[in-house]
Amino acid sequence: MSAITLKVNGRTHSLDLDPATPLLYALSDDLELRGPKFGCGLGQCGACTVIVKGQAIRSCITPVRSVEGAEITTLEGLGTIEKPHPLQKAFIEEQAAQCGFCLNGVILTAKALLDKNPKASEAEIQQGLSAVLCRCFTNVRMLRAIKRAGQEMAR
Amino acid sequence: MSKPVMTPDARAALRGAGFSRRGFLKTSGALIVGFSLRTAQAQFGGGPSAGSPAAGQVDSWIAIAADGSVTAYSGKEELGQGIATAQQQLVAEELSVPFNRVTLLYCDTAMTPDQAYTAGSQSHPANFNRGNLAQAGATAREALFRMASERLGAPVDQLAAADGVIRVKSDASKKVTYGQLVGGKKFSLALDSNAKRKHPREWTVLGKPVTRPDLAPLVAGQFEFVHNVRLPGMLHGRVVRPPSVGATVGSVDESSVKDLPGLVKVVVKKNFVGVVAQKPWQAIQAANKLKVTWTAGTGLPGHADFYDHLRNQKQTRDALMVDSKDVGQKLAEAATVVKSTYYHPYQMHGSMGSSCAVADVQGDKATIWSPTQGVWYQKSTAAMVLGLKPENLRVIFRRGSGCYGLNGADTVTYDAAVLSQAVGKPVRVQLSRKDEMAWENYGNAFVMDERAGLDAKGNIIAWEHEAWTPALGNRPGPGTPGNVITGSLLGFPADPFTPRAATEPRAFNNGSNGVPSYVAGGVGGQSHGTGTVKSERVLVHNVPSPFWTGPLRSPARLQNTFAHEGFMDELAARVKADPVAYRLNHLKDPRLIDVVKEAAKAANWETRPSPRPGNRPTGIAAGRGIACVLYEGDNGYSALVAEVEVNQDTGKVTVKRFVVCNDVGPVSNPDGLRNQIEGGALQGMSRALLEEVTWDDQKVTSFDWRTYRTLPLGFEPPKIETVLLDRPDEEATGAGETSITVAAAAIGNAIFDATGARLRQIPFTPDRVKAALAARA
């Protein structure tokens, strides 16, 4: 165990952790955040996604020591229920969810994509989400929501 | 004609016991229903559970506070299918209050009425027709009107309600609020079966799209899934499953993990092995490092010839669904006899998040947070697992990752309970991806023989269907924690497999869609089916399964429909008939006819036989196909047109467009229904094109997203168009399993239309498509 400093959604936390611990457990258990989720633990589904240095990464296979000091953004860091990010707003407007378990990975992956390329085409959005799963298959609405958010973010 | 009165839960219990609702309504007198209900209750424990509010009392369903806010209690839970939103609309509608004034609580054994499972597309019929939540709302509204009549000195028919206020129609200043009438007090009133439901034509809240209240917290990362339940002093557990099917514990070397940080306890009970640690990552390390010696597994039948293995089973449990006893004769007389065999693999629920539960077992009492679809059966079976009295358990539903049926929810709940009991502290368990996928209760494999006789004009004169399907375990019901892996490892038996010869069908039961849509469904001298073909025989052989099985979205219905609708397409092609027209020629149910016609119309269906004329035998070829179903024989109509492109060089199938027409009675929430239809069609497409459980001679080899393929978000989805036929004067039916039931058949039929190659085995992998292309005449 050792002292690990994590910067999450603009706040600094000092945690006593095995440095090999995947970031996901620090976020969901030590910090009790509800955004990042354990889906597979193998980096295959996207449920655990967080944004570090503008990149959407899989926190379930990222040791905490590798992101020490870096700014980490989780779904909670995008917006709030009262002041949602355009992506969060678009997902509500399109009613783009069923169980909602995958939303964390879908929205954060789309955020990292649109931040770099707000005018991403449908094909580019699909390409960007090629390794994200939604087992309820809300695909059509989600792609529509991302496109809608992109239009607002580009304005 | 008056129908025997049955509560939807009674229907669900009967369905669970192998009866069909429609069959009972059509063929049974009340006496028979009463007898069968008692049988079903004795067998399945339907009926009031200890501690649950009585379903016959308004106060069990509805409470109105002094400020006029309404709390509704339901035994049907939100799994992601949108039913919570629709139920909130229902209560707001029946009580004439705004949507936002209603809070809905569901599936807590200490607080909500026992409605058995949330499963089988039964929530909409159970709570939106003439019983339960809908009837409680109507009874409460009429009671409020009677109270207001007394208070305001005006007859009930001179009163009107809006926004939780009852006014005298002729003098709006004379008014009283619900809060003033009943606020905080009980109704103390039985559900009145004569209380008048609002007719769909009067609806102002129901029947409209409503923003789902759970979406804002979901997208903001504030929503509490069961995975997010945190209790003071909570520890984390992890299970160690056997390395191969049938392996048992030889020995456990606790010293192998004694130095690991955070380890609290190694727990071994019979063949159940688990660890408890302070933190989840520590529990994972301990589970990985714990040295367990297992006996050899019992071995598995070969994957490559598994379908032959099913067909060759000597010990079978047979059921005859229909038998006109003249099929052999009619086939002998037929101008043409067509035979085909269809194959469906085991498939997974494959929940996005592996299953999770939290249990707090303290002495002889336990509180459990579980994503189970049946909190009451979880309560009674967890009590067996823990050796406690059921009345000392409380099971509270918390949403898990979408389950689509019996995923790991029940088994992980036992895991958490056993581990919590062992350490006397609250324990959270989330399964690993592999433990979820290698040991869940898979959707059933099927081998299905279809045989039909055609007359000289090409009309179907006889249809025979014979199927083999393996089963082991099921949802935990009363007394059967052994229906899932954890219960079995703890020494509880699964539902026994009892070989049995088929007996004469006594009631029409098409709950599994074993009976094709095009036959008459004749039982007891009456025709109960949707079709016209009078010579018919449907025989199902249940055989033992090496793997756990259980309901997966459209269980058996999807498999049977894939065979029936593919075969119907073969028959149409054989006589060079248009697939839509040929279906209509053999259907008699007007609502099924309507969804077929409307889907075809919306898809601009080109009337002609398949395959499509002019398509070349190489390169990319386009085609379209249709399939339809009356789900479970009585629970929702659906027809789906698929348009595909087949790359005949690579075998890749691309679905370009789905057009789906549904009739589910009165539409409670059109956007919610569309969401279910769209998701179902795409999930059906993923299952049709990619999904298959695999194994070697000892163990399952599909245990993550590399070895069990599914369609990700990153592909170009087909354009999906939904047509909703609103039926305000009919009963509400199920909706969530309709489009998925017809997707595979429609895609297969479209592949045939494009290429002339018939796909009879799911999934339609490129290799299988290429093999079918090579086998073209």
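Residues numbered from 1 in each chain as written. Chains lettered and ligands numbered in written order. Predicted model: local features only at pLDDT ≥ 70, side-chain atom pairs only at ≥ 80, totals over all residues.

1. A look at the overall build of chain A
Under the convention used in this document: Counting from the N terminus, the helices are DSSP H or I runs at least four residues long and the strands are E runs at least two residues long. Radius of gyration: C-alpha atoms only; globule rule: 2.2 Å multiplied by the number of residues to the exponent 0.38. Partly exposed residues are those falling between the two cut-offs: more than 12 but fewer than 20 other C-beta atoms within 10 Å of their own, whereas 20 or more means buried and 12 or fewer means exposed, with C-beta atoms placed from the backbone.
On a plain count of helices and strands, chain A comes out with five helices and five strands. Listed N to C, the secondary structure of chain A is β-β-α-β-β-β-α-α-α-α in terms of helices and strands. For 155 residues, the compact-globule estimate of 2.2 N^0.38 gives 15 Å, and the C-alpha radius of gyration of chain A, at 15 Å, lies within 12% of that figure. C-alpha atoms of chain A, sized along the principal axes, occupy 45 × 30 × 25 Å. Here chain A holds 155 residues, and 56% of them are scored as buried.

2. Let's talk about the nonpolar core
Residues and elements named next belong to chain B. This is how the line gets drawn: Any nonpolar core is a set of buried residues, restricted to Ala, Val, Leu, Ile, Met, Phe, Trp, Tyr and Cys, that join up through C-beta atoms within 7 Å. Throughout, a pair of residues is in contact if the C-beta atoms placed from their backbones lie within 7 Å.
Within the largest apolar cluster, 261 residues are counted, with the highest numbers of intra-cluster contacts made by Ala417, Ala599, Leu640, Ala746, Ile747 and Ile751. Counting residues per element, this core draws most heavily on helix α20 (residues 738–755), which supplies 11 residues. Apart from the residues lying within four places of it in its own chain, the contact partners of Ile751 are Gly623, Val644, Val646, Val653, Ala757, Leu759, Phe764 and Val769.

3. Comments concerning the domain arrangement of chain B
Residue and element names in this part refer to chain B. Rules: Here the limits of each domain have been adopted from an automatic or database domain assignment. As a working rule, the residues Ala, Val, Leu, Ile, Met, Phe, Trp, Tyr, Cys and Pro are called nonpolar, Asp, Glu, Lys and Arg charged, and the rest polar, with Gly in that last group.
Examined at the domain level, chain B breaks down into domain 1 (1–47), domain 2 (49–204), domain 3 (227–296 + 349–439) and domain 4 (446–774). If you look at the interface, domain 2 gives 17 residues, while domain 4 gives 19 residues. Those elements giving two or more residues to the side of domain 2 that touches domain 4 turn out to be α4 (83–95) and α5 (123–128). Ranked by the residues each element gives to the side of domain 2 that touches domain 4, the list is headed by α4, at four residues. When grouped by side-chain class, the residues that make up the side of domain 2 that touches domain 4 number seven nonpolar, nine polar and one charged.

4. Focus on the interface of chain A and chain B
Every contact between the two is made by 56 residues of chain A and, on the other side, 53 residues of chain B. Every element with two or more residues in the side of chain A that touches chain B is listed here: α1 (23–30), α2 (86–93), α3 (103–116), α4 (122–128) and α5 (139–154) of chain A.

5. Here's the deal with the environment of Leu215 of chain B
Residue position: Leu215 of chain B is located in helix α8 (residues 215–219). The spacing of Leu215 of chain B and Gly299 of chain B is 84 residues in sequence and 46 Å in space, taken between C-alpha atoms. Setting aside residues no more than four positions away along its own chain, Leu215 of chain B makes contact with Ile92, Gln95 and Ala97 of chain A.

6. Concerning unusual backbone geometry
Residue and element names in this part refer to chain B. Following Ser610, the chain continues to Pro611 via a peptide bond in cis, the omega torsion being -5°. Positioned with a positive phi, Lys270 is a non-glycine residue whose angle comes to about 55°. In this structure, Lys270 sits in the loop between β9 (263–269) and β10 (272–277).

7. Some points on the pairing of strand β7 (residues 235–239) of chain B
All names here are of chain B. Note the threshold: At least two DSSP bridges between two strands are required for those strands to pair.
Taking burial as the measure, the five residues of β7 include five buried ones, the bulk of the element. Note that β7 and strand β17 (residues 427–430) share three bridges and pair parallel. In the sheet register, Leu235 faces β17, and the bridge partner there is Val427. Judged from the four bridges that link them, β7 and β10 form a sheet pairing that is antiparallel. Paired with Arg238 across the strands is Val275, a residue of β10.

8. So, the sheet that holds strand β6 (residues 171–177) of chain B
All names here are of chain B. Note the threshold: Helix axes are fitted to C-alpha atoms over the stretch in contact, other axes to C-alpha atoms as well, and angles between N-to-C directions run from 0 to 180 degrees.
Taken in spatial order, the three strands line up as β4-β5-β6 in an open sheet, and their pairing is antiparallel. At either end of the open sheet lies a strand with only one pairing partner, and these are β4 (159–162) and β6. Neighbour to neighbour, the strand axes of the sheet diverge by 30° on average, direction disregarded. As paired elements, β4 and strand β5 (residues 165–168) share four bridges and run antiparallel to each other. Along β5, the bridge assignment pairs Ala161 with Ile166.

9. Concerning the domain arrangement of chain A
Residues and elements named next belong to chain A. Taken domain by domain, chain A holds domain 1 (2–77) and domain 2 (86–154). With centres defined by C-alpha atoms, the gap from domain 1 to domain 2 works out at 21 Å. Contact with domain 1, which involves 13 residues of that partner, is made by 13 residues of domain 2. At the level of elements, β3 (49–52) and β4 (55–58) are the ones that each hand at least two residues to the side of domain 1 that touches domain 2.

10. Remarks on the environment of Ser638 of chain B
Residues and elements named next belong to chain B. Here Ser638 lies in strand β24 (residues 637–647). Looking at Ser638, the number of C-beta atoms within 10 Å reads 30, which means it is buried. When the C-alpha atoms of Ser638 and Met234 are compared, they prove to be 47 Å apart, with 404 residues separating the residues in sequence. Sequence-distant contacts of Ser638, that is, excluding residues within four places in its chain, are made with Val595, Cys628, Val629, Tyr631, Val660, Asn662, Thr738, Ser739, Thr741 and Val742.

11. A short note on the packing of α2 of chain A against α5 of chain A
Residue and element names in this part refer to chain A. What counts, and what does not: Any angle from 65 to 115 degrees is called roughly perpendicular, while one under 35 is roughly parallel, one over 145 is roughly antiparallel, and all others are oblique. Put simply, a crossing is left-handed when the front helix is turned counterclockwise from the back one by less than a right angle, and right-handed when it is turned clockwise.
Here α2 crosses α5 at 140°, and the two axes come no closer than 8 Å. Relative to α5, α2 is oriented oblique. The crossing of α2 and α5 is right-handed. Facing Pro86, Leu87, Ala90, Phe91 and Glu93 of α2, the residues of α5 in contact are Ala145, Arg148, Ala149, Glu152 and Met153.

12. Some words on the packing of helix α19 (residues 670–689) of chain B against α20 of chain B
Residues and elements named next belong to chain B. The interhelical angle for the contact between α19 and α20, taken along N-to-C directions, is 40°, at an axis separation of 7 Å. In terms of their interaxial angle, α19 and α20 are classed as oblique. Our pair here, α19 against α20, has a crossing hand that is right-handed. In this structure, α19 uses Ile677, Gly680, Ala681, Gln683, Gly684, Met685, Arg687 and Ala688 to contact α20, whose residues at the interface are Thr738, Ser739, Ile740, Ala743, Ala744 and Ile747. Split by residue class, the contact of α19 with α20 holds eight nonpolar, five polar and one charged.

13. Brief notes about helix α6 (residues 132–152) of chain B
All names here are of chain B. Quick note on the threshold: For a helix, the expected span equals 1.5 Å multiplied by the number of residues minus one.
Compared with an ideal rise of 1.5 Å per residue, which puts 21 residues at 30 Å, α6 spans 30 Å between its outermost C-alpha atoms and is within 8% of the ideal. Buried within α6 we find Asn132, Leu133, Ala134, Gln135, Ala136, Gly137, Ala138, Thr139, Ala140, Arg141, Leu144 and Ala148. Immediately downstream of α6, the backbone of Gly153 shows phi near 65°, a positive value.

14. So, the environment of Ala467 of chain B
Residues and elements named next belong to chain B. For Ala467, the position within the fold is in strand β19 (residues 460–471). Taking the C-alpha atoms as reference points, Ala467 and Gly262, 205 residues apart in sequence, are found 52 Å from one another. Beyond its immediate sequence surroundings of up to four residues, Ala467 is in contact with Phe446, Val447, Met448, Gly514, Val540, His541 and Asn560.

15. Details of helix α21 (residues 766–774) of chain B
Residue and element names in this part refer to chain B. Basically, it comes down to this: When we speak of the arc, we mean the arc of directions from the helix axis to the C-beta atoms.
Every buried residue belonging to α21 is among Val769, Ala772 and Leu773, and all of these are buried. The arc that holds the buried residues of α21, viewed along the axis, is 100°, so those residues lie on one side. Turned more than 90 degrees away from the buried face of α21, the exposed residues are Asp767 and Ala774. Considering only its buried residues, α21 is in contact with β24, β25 (653–663) and α20.

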